[in-house]
Amino acid sequence: MSSDLTRLDAATLAEKIHSREVSAVEAAQAHLDRIAAVEGDVHAFLHVAGESALESAALVDASIAAGTAPASPLAGVPLALKDVFATIDMPTTCGSRILEGWRPPYDATLTSRLRAAGITILGKTNMDEFAMGSSTEYSAYGPTHNPWALDRIAGGSGGGSAAALAAFEAPLAIGTDTGGSIRQPAAVTGTVGVKPTYGGVSRYGLVACASSLDQGGPCARTVLDAALLHEVIAGHDPLDSTSIDAPVPAVVEAARLGATGDLSGLRVGVVRELGGEGYQPGVRASFDAALRRLEKLGAEVVEVSCPHFEYGLAAYYLILPSEVSSNLARFDAMRYGLRVEKGASAEEVMAATREAGFGPEVKRRIILGTYALSSGYYDAYYGQAQKVRTLISRDFAAAFAQVDVLVSPTAPTTAFPIGEKIDDPLAMYLNDLATIPTNLAGVAGMSVPSGLAEEDGLPVGLQIMAPALGEAVMYRVGAAFEAARNADESGPLIARIPELEVAAR
Amino acid sequence: MSTPTLIEFDDVVARFDPMLGLEVHVELSTNTKMFCGCPTEFGAEPNTQVCPTCLGMPGALPVVNRTAVESAIRIGLALNCSIAPWGRFARKNYFYPDMPKNFQTSQYDEPIAVDGWLDVELDDGTIVRVEIERAHMEEDTGKSLHVGGATGRIHGAEYSLLDYNRAGVPLIEIVTKMIPDTGARAPEVARAYVTQLRDLVKSLGVSDVRMDQGSMRCDVNLSLSPKGSGVLGTRSETKNVNSLRSVERAVRYEMSRHAGVLLDGGTVVQETRHFEEQSGSTRAGRIKETSEDYRYFPEPDLVPIAPTPEWVEELRGTLPELPWERRKRISAEWGLTAEELRDLVNAGALDLIEATVAAGAPAGEARSWWVAYLTQQANTAGVPLEELAITPAQVARVIELVTSGELNNKLARQVVDGVLAGEGSPDEVVESRGLKVVSDDGALIAAVDEALAAQPDVAEKIRGGKVAAAGAIVGAVMKATKGQADAKRVRELIIERCG
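Residues numbered from 1 in each chain as written. Chains lettered and ligands numbered in written order. Predicted model: local features only at pLDDT ≥ 70, side-chain atom pairs only at ≥ 80, totals over all residues. Heavy atoms only, no water.

## Describing the overall build of chain A
Selection rule: Here a strand is any run of E in DSSP of at least two residues, a helix any run of H or I of at least four, and the numbering for each starts at the N terminus. The atom set for the radius of gyration is the C-alpha atoms, and the globule formula is 2.2 Å times the number of residues raised to the power 0.38. In this scheme, a residue with accessible area under 20% of its type's maximum is buried, one over 50% is exposed, and one in between is partly exposed, where area comes from a 1.4 Å probe on protein chains only. Residue contacts follow a heavy-atom distance rule, with two residues in contact if any of their heavy atoms lie within 4.5 Å. A 1.4 Å probe and the Shrake-Rupley method give the accessible areas. Residues count as covered only by the protein chains that appear here. A residue counts as positive if it is Lys or Arg and as negative if it is Asp or Glu; His and the chain ends are not included. Each charge is placed at NZ for Lys, CZ for Arg, CG for Asp and CD for Glu.
Each helix and strand counted, chain A has 17 helices and 13 strands in total. The C-alpha atoms of chain A give 21 Å as radius of gyration, which agrees with the globular expectation for 505 residues (23 Å, within 12%). Projecting the C-alpha coordinates of chain A onto the three principal axes gives extents of approximately 65 × 50 × 45 Å. A burial count over chain A gives 63% of its 505 residues as buried. Counting contacts in chain A only where the partners sit at least 6 residues apart, residues at least 24 apart contribute 77% of the total. Here chain A displays about 16500 Å² of accessible surface, and carbon together with sulfur accounts for 55% of that area. Charged side chains in chain A number 38 positive and 59 negative. The centres of these two groups are separated by 2 Å.

## Some thoughts on the nonpolar core
Across soluble globular proteins, you tend to see nonpolar side chains buried next to one another. Applicable threshold: The nonpolar core is taken to be a set of buried Ala, Val, Leu, Ile, Met, Phe, Trp, Tyr and Cys residues, with the residues joined through side-chain atoms within 4.5 Å.
Core analysis: the biggest nonpolar cluster contains 136 residues, and Leu114, Phe130 and Tyr475 of chain A have the highest contact counts within it. Core analysis: the next-biggest nonpolar cluster, separate from the first, contains 68 residues, Ala72, Val241, Ala250 and Leu315 of chain B among them.

## Notes on a nonpolar patch on the surface
Applicable threshold: Patch members must show over 30% relative accessible area and no salt bridge, and they are joined within 9 Å when carrying like charges or within 5 Å when they are nonpolar side chains of Val, Leu, Ile, Met, Phe, Trp or Tyr. Each reported salt bridge corresponds to a side-chain nitrogen of Lys or Arg within 4 Å of a carboxyl oxygen of Asp or Glu.
On the surface, a cluster of nonpolar side chains totalling about 300 Å² of accessible area is made up of Leu145, Tyr159 and Leu161 of chain B. Here Leu145 of chain B lies in strand E7 (residues 143-147).

## Some details on the sheet that holds strand E4 (residues 103-106) of chain B
Residue and element names in this part refer to chain B. As a reminder, the rule being used: The pairing criterion is simple: DSSP has to find at least two bridges between the two strands.
Taken together, 3 strands build an open sheet; the order of strands is E4-E3-E14 and the sheet is antiparallel. At either end of the open sheet lies a strand with only one pairing partner, and these are E4 and strand E14 (297-298). With 4 bridges connecting them, strand E3 (residues 90-93) and E4 associate as antiparallel partners. In the strand pairing of E4, Arg91 is matched with Thr105.

## Comments concerning the sheet that holds strand E11 (residues 405-409) of chain A
Residue and element names in this part refer to chain A. Applicable threshold: Angular values range over 0 to 180 degrees, each being the angle between N-to-C directions of two axes fitted as lines to C-alpha atoms, with helices fitted over their stretch in contact.
Strand order in the open sheet formed by 11 strands is E1-E3-E2-E6-E8-E7-E12-E13-E11-E9-E10, and the pairing between neighbours is mixed. Here the strands that pair on one side only, and so sit at the sheet edges, are strand E1 (45-48) and strand E10 (300-304). Pairwise comparison of adjacent strand axes, ignoring direction, gives a mean angle of 30 degrees for this sheet. Relative to strand E13 (residues 459-466), strand E12 (residues 444-452) is paired through 8 bridges, and the arrangement is antiparallel. In the sheet register, Ser447 faces E13, and the bridge partner there is Gln463. Its contacts with the sheet place helix H4 (residues 50-65) against E1 and strand E3 (120-125), and it is angled at close to 155 degrees to E3. Along the sheet, helix H17 (residues 471-488) makes contact with strand E7 (192-195), strand E8 (216-220), E11, E12 and E13, crossing E12 at roughly 5 degrees.

## Quick look at the domain arrangement of chain B
Accessible area lost upon the coming together of the parts is a frequently used measure of interface size. Residue and element names in this part refer to chain B. Put simply, the test is: Where a domain begins and ends is set by an automatic assignment or by a domain database. In this description, buried area is defined as the sum, over both parts, of the accessible area (probe of 1.4 Å) that is lost when the two are combined.
Per the domain assignment, the segments making up chain B are domain 1 (9-311), domain 2 (323-433) and domain 3 (441-497). Here the C-alpha centroids of domain 1 and domain 2 sit 35 Å apart. Contact with domain 1, which involves 9 residues of that partner, is made by 7 residues of domain 2. When domain 1 packs against domain 2, close to 620 Å² is buried across both sides, 49% of that on carbon and sulfur atoms.

## Concerning the pattern of salt bridges
Residues and elements named next belong to chain B. A complete count under the given rule lists 57 salt bridges over all chains for this structure. The shortest N-O distance in the salt bridge between Asp351 and Arg326 comes to 2.7 Å. With Asp351 in helix H8 (residues 350-358) and Arg326 in helix H6 (residues 323-334), the pair connects residues that are 25 residues apart, well separated along the chain. Arg326 sits in the buried class, given a relative accessible area of 14%. A salt bridge links Arg497 to Asp449; the nearest nitrogen and oxygen atoms lie 2.8 Å apart. In this pair, Arg497 is assigned in helix H16 (residues 487-497) and Asp449 in helix H13 (residues 441-454), connecting sequence segments 48 residues apart.

## Focus: the state of the cysteines
Test applied: Throughout, a disulfide means two cysteine sulfur atoms within 2.5 Å of one another.
All chains considered together, the criterion is met by 0 disulfides over all chains. Between Cys38 of chain B, a cysteine without a disulfide, and Cys51 of chain B, which holds the nearest cysteine sulfur, the sulfur-to-sulfur distance is 3.6 Å.

## Details of the packing of aromatic side chains
Put simply, the rule reads: Only rings of Phe, Tyr and Trp enter the pairing, Trp through its six-membered ring, and a pair is recorded when the two centres are within 6.5 Å. The plane angle decides the type: under 30 degrees is stacked, over 60 is edge-to-face, the rest tilted.
By the definition in use, this model includes 20 aromatic pairs over all chains. On the numbers, 5.4 Å between centres and 80 degrees between planes, the contact of Phe35 of chain B with Phe89 of chain B is edge-to-face. You can see Phe35 of chain B sitting in the loop between strand E1 (16-27) and helix H2 (66-78) and its partner Phe89 of chain B sitting in the loop between strand E2 (82-83) and E3, a full 54 residues away along the chain. Taken together, the ring pairs in this structure connect Trp102, Phe130, Phe331, Tyr336 and Phe358 of chain A into an aromatic cluster.

## Some remarks on the side chain of Asp177 of chain A
Residue and element names in this part refer to chain A. Quick reminder of the rule: In protein, a polar contact requires one atom able to donate a hydrogen and another able to accept it; more generally it is a pair of N or O atoms within 3.5 Å, and residues adjacent in sequence count only if both atoms are side-chain atoms.
In this fold, Asp177 is placed in the loop between strand E6 (172-176) and helix H7 (183-189). Judged by its relative accessible area of 0%, Asp177 falls in the buried class. Here the side chain of Asp177 touches Arg183 through a polar contact of 2.8 Å, side chain to side chain. Apart from residues lying up to four places away in sequence, Asp177 is in contact with Ile182, Arg183, Lys195, Leu213, Asp214, Gln215 and Asn439.

## A short note on the interface of chain B and chain A
Note the threshold: Note on residue categories: nonpolar means Ala, Val, Leu, Ile, Met, Phe, Trp, Tyr, Cys or Pro, charged means Asp, Glu, Lys or Arg, and polar means any other residue, Gly included.
Each side of the interface is counted separately: chain B has 31 residues, and chain A has 37 residues. Between chain B and chain A, roughly 2700 Å² of surface is buried when both sides are summed, and carbon and sulfur atoms account for 59% of that area. Our count for the chain B to chain A interface comes out at 1 salt bridge. Between Asp301 of chain B and Arg203 of chain A there is a salt bridge whose closest N-O contact spans 3.1 Å. Secondary-structure elements contributing two or more residues to the side of chain B that touches chain A are E3 and E14 of chain B. Residue composition of the side of chain B that touches chain A, by class: 21 nonpolar, 5 polar and 5 charged.

Written as C-alpha cells, this is what we have:
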C-alpha cells in the first residue's frame, strides 16, 4: 500500500485523497516511511518534519470529511521544500553552517501559499550552500546522492528536491533556479523542473543568492504535476517589488492540451550556440531524438542563432558573485545564526564567524563579487556584464520573433561521479552553460526527461525555453513531448530507475 | 595629537577664501519606514519597531514607501530641483553592526532630485543663492549604545547595545554645491541656509526637523583656498552638528583650524571630524584613505522609481506658500516692522499667532497673548513656546470670551492657566473653576448699592457729576465679587444708580 502511494503522480494522488479513497494522512505517512527507508542512501533532506506533516494532512482530511471543497487541486499531496525558503516551524539553513538551526520568525510567501493550498510539507531539502553549486556537494551537511546511481551527483543546487522526487520520497518539490538549479537537477534525475519567468513566483522569504536571477519554481515527476504546483505558487505578491502584477499563465490547461499530442503549427528553435562541442555524445543523441519526436508531433524545427549566449557564462559569473557579495554581507553574527566569539571587537567576531560559517564556494564568490564591484573595476566587470545581459535579452527577443519556443539539451553531461569536479570550479560552472541565458534574460525555461544516454544509462534532459510569461506554450510543448516519449518508450522514464536497496533497513 | 593652532577669524578671511558645502539629512515623518510597514515614532522601547525586512532577516525584501517618495519629490520641487523621470536605488556596501543588511539602500548616481537652489536671506537682508546639487532618498541606520569606557564611544567600551528601531526610517539627504565667495560671512551663510531649509521642510509637513532629536542632521564640508587663487584646498567633513548655532560655530572653528594648519606649512587631512558641542571645537574621526570603497551597484530587489510628469505636477500643486514669503505677507497684513517680525519668528510665535488668527482671533490680541503671557509661561516651564499645552484654537476661544465680555483679562489668564494645567478646554476650565464674569445685573446692583452706601461721600461726588470718582466704587465692587464682575458694566451701573 505505502509503496504504491509513493509511486503515484501528484494529480492522481490528489484525486484519490479528494475522493476519500486514500487519506492525506496515509499519503503523508507513506512518504515519511519511504524517507525513513531511503534517506540513509540518498540524503535528499536536511530536515524532516514528520509530526507537522501529519498534522497538516489531518486537517485536509477533516476538511474533506466535512464536505468542504479542497483548498486547491493539490490539497493533501506531500511536498519537499528546498531549504532556502523561510519556514516559521522548521529550520532554514540554506545548506550553510552559518544558519545552522536558524528558525525564521516568518514564512516565505511561497511557504504560505503551499500551506494555504493544503499541501503537506514533508521537510526541507538539501542544496549547495546558498544555492551556489551544480552538484549539492557544496552543502555543509554532505552531498545528495543520485537515486539513479548513488555514487553520482543529483545536480545542484537543488539536488535534494530532485533526488526526493526520483527516490519517491515526495511527488512534488520546490526548487530555486539562479542559473539552472531547478533544471539541471531535473535533467540528471529524470524528473521535471520549471524555472518560471523572473517575477512569476514571489521571492519574499527566499533567502537570496543573486536577487536579479533567483526564481522559485515547481519540481515534479510529470509536466502536469509541475503545472498544478506552478499555479499554486505563482502570482503577484505586494511584498516582492520585482513580482509581476499580471495573471498567472494558464499552465494546467496548457499541459492538458499538450498531452493530447498535437504541436502542428508550432515553431521550435534549436539554439545553434547550445550544442556541439563539449556536450556528451549520449546527450547529443538524446537531444537529436527529441527533435525528431517534436517534428513527429507536427512542430516545425528550425535552427536559430543567439550569438551572445557564448558570453553568458562569463557575464553570469560577474553579476552573480557581485550580488552574492552584498546579499551575504548580513551574515555577521550580530542578530541571528552562527556566532564565533573570537577577539574583542564586533569586526573580529564578524570575521571569525564568516570564516567558520561559509564554505569554500561561497567564499570564492564573495571574493569574486567584492572585486568585481570595486572602484576602478566596476565598469570593466559588472558594467560590461550588464551590457552582455542586455545583448542576451535581445538575442532571445529576436529568436522569439521567429519561433514559439527554443530548445537545447538542459546540461552538457549526465550525472557525473561525486567528487569528480569538486576541485575544478570552471568544469563545475560549465554544467550551467545552457541554462544560464534564461536567468540572465528573465525568460522561462523547463527541463523534461528526454531519455537515457547510451554510454552510461543515465537520464538526459530536454530544455524548453519560452518568452517572459510564455509559460503556457512551454508547458504545452513539454506535455506533448512527455506524452509522445512515454507512448514510444512504453512508460515514463522514471519507471526505469533502479530500485534502491531498502530491504535491509 | 597636540592642540591645533587656531588663527584669528579676521586673519583667516584676510588670507583665505572659504569653500563651504553642506549636507543635511532630514528624517521624514512618514507613519512607516522606507521599505517596510514598521512604525517610525521616536522614543519607543528599543527593538520594538522592527520586522524581518528592517532587521535584514534572510529572505526578507524591501518595498518602497510611496509617501516617502512623495515627500522627496516635494522637497525637491520646493528647492527648485528637476525631478528625475527614472532612477534606481543603489546599495552602499559596508559592514557596521547598526546596519542590519551591512549595506544601506540609498540612491547613488540616479538621485530623485537634482540641480536646484535656495535663496538664503542673511540678517541684514542680503540674499545669497545656495545651489543645490541633489536630494536623494535613503534609509537610516540603527543606533549603537557603547557601554562601559569613559567616553561613550566605541573605543574602550566593554560592550555595545544595538537598537534597530531607527533602522529603515526614511531619510532625505540634501547636498549643496560648493558655496563660494562667502568670505567672512561663511558661518552666517551656513546657519542661515540650514535655518531656512529647516523652515522650508517644516512648512511642507514632511518632517519634524528637530535637530535636538536627530530628525535633522547637518554635516559641514569646508576647505580653504589661498585668497584669490581659486586653488581648492583639502576639505574636512564635520559631523554631529546638532543645532543651528553649532552649524555656525563649526564653520568658524574649522576655518580657524584649517588656516592654522596651512600657515604652519602643514597639509589639511581629508577626514571626518566630530563637532564637540561643549568646547565648540572639532576632533578627528576616521581618516578617509582616498575614498572608502562602498562598491555601489543598483539595488536588484527594487524596481526603478519613475514618477510620471502628471504626478510631479500634482505634487507641485500641493506645495504650500514658502515660509519666508508667508512671513512677508503676514508682516504686511499685520503692519509689523522687520524687527518685530524677526522677534516673532525667533520666539517661534509666528505660526502660533497665525493659527490663532486663522481660528478667528484679531491679530493684535493673538500677538499680545503669545508674545506676553504665554511666552512668560513657556519660559517659566522651560519649554519652547510651541510645546505649551494649549492650542492656537484654544487661545482664540479665550480671546473670544474676553471680547464678548464673559471673561475679563484677569480671569482669562486663569482660564489659560487651567488649560495649561491640563484641566481641559477653555470652556471646561471656565465651568469647573467657576470663572464666569458676574453679568447678572441683579447681583451686581446689590453689590453696587452696598458699595455706594459704604462710601456716601463718594456717592455724593458722583451724583454731583464727578464721574471720575466712580473708580473707587468700581474697585470696591470688584473686590466684593472677587474680580468676577465685568468692570465696564459695573461702571455703567454706578452711573445709573447715581443718576
